[in-house]
Amino acid sequence: PRIVLACSTSVRLIQPDPLLAAYAAYRSPFVQPTVGAEVVVDSAGVDGIFWSANDAFAAGSNAGRQHILIMKGTYPPATLSQNSMKVEGQGNFTVFDGGTTADAFTVSGNDNTILNISAMTPQGGGQAYVPLTASGSRNTFNGFHAKSSDDVSAKMSGPRTVLVNSIFENPDLS
């Protein structure tokens, strides 16, 4: 196939290099998502088009895609301020690490479903950051795992927040 490039001053026909086209079909850094598909986040940049959850939350919300799939990996702190999103991780293999600078996973939006996400902040840092902060309304957390914390494992102030099948371990309450 030939590609036609037209502008106000010229028209050009381009014959793509078949070897380059075959390589691009095999592996491309950008894969156009299909309509209605989930937005994929991958810290390694292999399976998804987003490396951070915050970018995926914003893009998914703007594009009307409510399902965010987060692949295995360790991610920087994330804040879900959007509404009516489904965020799905890979259990203990999807970890948000707040380090000594932030809460690891914060949900301030409403009506969200969070599935199989792990989060942590290091113990003994003296910063009092926590793995989970939830201030939005009607959010559901299923399979959340707080691996460690410099304070309590979660701060949940949002009304009608549901937490099921979750594990909270190693809080530093001293």
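This text goes with the structure placed above it.
Residues numbered from 1 in each chain as written. Predicted model: local features only at pLDDT ≥ 70, side-chain atom pairs only at ≥ 80, totals over all residues. Heavy atoms only, no water.

(A) Geometry of the overall build of the protein. When its secondary structure is counted, the protein shows two helices and 17 strands. Scored against the burial criterion, the 174 residues of the protein give a buried share of 34%. For the protein, the share of sequence-separated contacts (at least 6 apart) that also reach a separation of at least 24 residues comes to 47%. (Helix = DSSP H or I, 4+ residues; strand = E, 2+ residues; numbered from the N terminus. Buried < 20%, exposed > 50% of the residue type's maximum accessible area, 1.4 Å probe, protein only. Contact = heavy atoms within 4.5 Å.)

(B) Representation of the sheet that holds strand 5 (residues 73-75). Strand order in the open sheet made by the five strands is 5-8-11-14-17, with parallel pairing throughout. Across the chains shown, the open sheet's two edge strands, defined by having one partner strand only, are strand 5 and strand 17 (167-168). As judged from the three bridges shared by strand 8 (residues 94-97) and strand 11 (residues 118-120), these two strands associate in the parallel manner. If you follow Asp97 over to strand 11, its bridge partner there is Met120. (Pairing = 2+ DSSP bridges.)

(C) Broad picture of the packing of aromatic side chains. Applying the stated criterion across every chain yields a total of four aromatic pairs. Taken together, a centroid distance of 5.0 Å and an interplanar angle of 55 degrees make the contact between Phe96 and Phe105 tilted. Note on Phe105: relative accessible area 0%, which makes it buried. Between Phe144 and Phe168 the ring centres are 6.2 Å apart and the planes differ by 35 degrees, which places this aromatic pair in the tilted class. Of this pair, Phe144 sits in the loop between strand 13 (140-142) and strand 14 (145-148) while Phe168 sits in strand 17; the two residues are 24 residues apart in sequence, bridging distant segments of the chain. Residue classification places Phe144 among the buried positions, given a relative accessible area of 2%. Three or more aromatic residues joined by ring pairs make a cluster, and in this case those are Tyr75, Phe96 and Phe105. Over the aromatic face of Phe93 sits the side chain of Lys72, whose NZ or CZ is 5.0 Å from the ring centroid. (Phe/Tyr/Trp six-rings, centres within 6.5 Å; stacked < 30°, edge-to-face > 60°. Lys NZ or Arg CZ within 6 Å of the ring centre and 35° of its normal.)

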